[in-house]
Amino acid sequence: MSYLRGRDANDMARYCNTYAADLFRRYPTRFGAFAVLPMPDIPAAIEEAIYALDTLRLDGVVLLSAYDGIYLGDPRFEPLMIALNQRRAYVFVHPAGIAADAKPELPLPDFIEEFTFDTTRAATMMMVTGMTQRYPDIRFQLAHAGGTLPFLSHRIGVVSQTVLGDLWPQDLPRPSVLDTERQISRFFYDTALSASPAAMSATLAVTGRDHIVFGSDWPFSAATLPQSGDNDPAPRLSEIFDTDQRMEIERYNPLRQLPRLAEAVGG
């Protein structure tokens with residue numbers, strides 16, 4: 001909801017969340033929903049998160065990787081993380097649109113490259129600031145197979161053991177290889193625009209298959225439209241996963257993390 005501010009943002013978040021809750025009550029076996037929050041207003045976001053999760057019983061919360069250039073992991077988000085951790089919330093992290101003056105001028109839409117980098121920045125900041133360690137009951141799902149996080153996993157862990165370690169900020173915990181590997185393995189990774197052997201092999205190198213869940217950018221990206229005669233939205237997943245494994249990723253793994261929805265659909 002970062003495109004609105006003040007009362008407009010609060011009202012829009014409440015409208016969207018109430019509509020979503022009504023939708024899955026009318027069609028309980030077809031829909032679930034993540035709550036939107038009136039960010040970056042932290043007190044209002046906390047109030048809406050509590051209402052959406054405790055009263056409306058939505059299945060989780062969606063956050064952007066950054067708000068006004070401030071990435072998740074920043075201390076300003078701490079009160080919200082406390083509330084989400086208390087509720088053992090499932091939090092879907094999606095990349096944010098990047099201001100034109102904060103990125104190079106390339107003739108490419110943001111979703112091709114920039115979005116993946118922004119997700120990586122958010123995940124890295126949450127780890128190096130200790131946020132993922134302080135709030136272990138929050139289950140974070142990273143869009144697009146974590147951006148470039150799987151590929152950079154080793155690099156993030158070893159940086160503090162190089163000469164850069166001497167320059168590491170005193171108020172931040174130094175990441176070690178083993179601890180970084182553990183934290184990265186705890187994220188959930190979706191397959192949106194990443195349903196390929198290259199992306200999924202990298203993801204499987206840093207986490208177990210039980211932490212991979214189906215994702216789709218439909219209808220915003222034509223790349224997520226069915227490309228095979230059987231209406232499979234991600235046919236290339238079959239190049240690395242067999243039928244049973246795909247069922248695990250596309251159904252069982254998500255339902256294990258979303259108990260209300262699992263109960264509704266007979267999960």
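Source: prediction; values computed, not measured.

*Asks:* Looking at this structure, I do not really get the nonpolar core. What am I missing?
*Replies:* Note that soluble globular proteins tend to have their nonpolar side chains buried in a common cluster. Judged by nonpolar contacts, the single largest core of 41 residues is most densely connected at Met39, Leu63, Leu80, Met81, Leu84, Leu149 and Phe187. Broken down by secondary-structure element, the contributors of at least two residues to this core are α1 (6-26), α2 (42-55), β2 (60-64), α3 (78-86), β5 (90-94), α4 (114-128), β6 (139-142) and α6 (149-158). Tallying contributions element by element places α2 first for this core, with 6 residues. Ala145, Ala195, Ile212 and Phe241 belong to the second largest nonpolar core, which has 8 residues in total.

*Asks:* Looking at this structure, how should I read α6?
*Replies:* Given 3.6 residues per helical turn, the α-helix brings residues three or four places apart onto the same face. Looking only at α6, the buried set comprises Leu149, Pro150, Ser153, Ile156 and Gly157. Buried residues along α6 cover an arc of 90 degrees about the axis, so they all sit on one side. Exposed positions of α6 whose direction lies more than 90 degrees from the buried face are Phe151, His154 and Arg155.

*Asks:* How should I be thinking about the packing of aromatic side chains in this particular structure?
*Replies:* Geometry of an aromatic ring pair is reported as the spacing of the ring centres plus the angle between the planes. Inspection of every chain in the model, using the stated rule, returns 8 aromatic pairs. Relative to Phe77, the ring of Tyr67 has its centre 6.1 Å away and its plane inclined at 55 degrees; by these criteria the two rings are tilted. With Tyr67 in strand β3 (residues 66-67) and Phe77 in the loop between β4 (70-71) and α3, the pair connects residues that are 10 residues apart, well separated along the chain. Overall, the relative accessible area of 3% leaves Phe77 in the buried class. Taken together, the ring pairs in this structure connect Phe34, Tyr90, Phe92 and Phe188 into an aromatic cluster. The side chain of Arg14 reaches across the aromatic face of Tyr51, ending 3.8 Å from its centre.

*Asks:* How do you make sense of the packing of α1 against α2 when you look at a structure like this?
*Replies:* When two helices pack together, you describe them by how their axes are tilted relative to each other and by the distance separating the axes. One can describe the packing of α1 onto α2 by two numbers: an axis separation of 11 Å at closest approach and a directional angle of 10 degrees. Between α1 and α2, the crossing angle belongs to the class labelled roughly parallel. Contact residues: Asn10, Ala13, Arg14, Asn17 and Arg25 in α1; Ala44, Glu48, Tyr51, Ala52 and Thr55 in α2.

Each value, and the rule that gives it
Residues numbered from 1 in each chain as written. Predicted model: local features only at pLDDT ≥ 70, side-chain atom pairs only at ≥ 80, totals over all residues. Heavy atoms only, no water. Core = buried A, V, L, I, M, F, W, Y, C linked by side-chain atoms within 4.5 Å. Buried < 20%, exposed > 50% of the residue type's maximum accessible area, 1.4 Å probe, protein only. Helix = DSSP H or I, 4+ residues; strand = E, 2+ residues; numbered from the N terminus. Arc of directions from axis to C-beta. Phe/Tyr/Trp six-rings, centres within 6.5 Å; stacked < 30°, edge-to-face > 60°. Lys NZ or Arg CZ within 6 Å of the ring centre and 35° of its normal. Axes fitted to C-alpha atoms, helices over the stretch in contact; angles between N-to-C directions. Parallel < 35°, antiparallel > 145°, perpendicular 65-115°, else oblique. Contact = heavy atoms within 4.5 Å.

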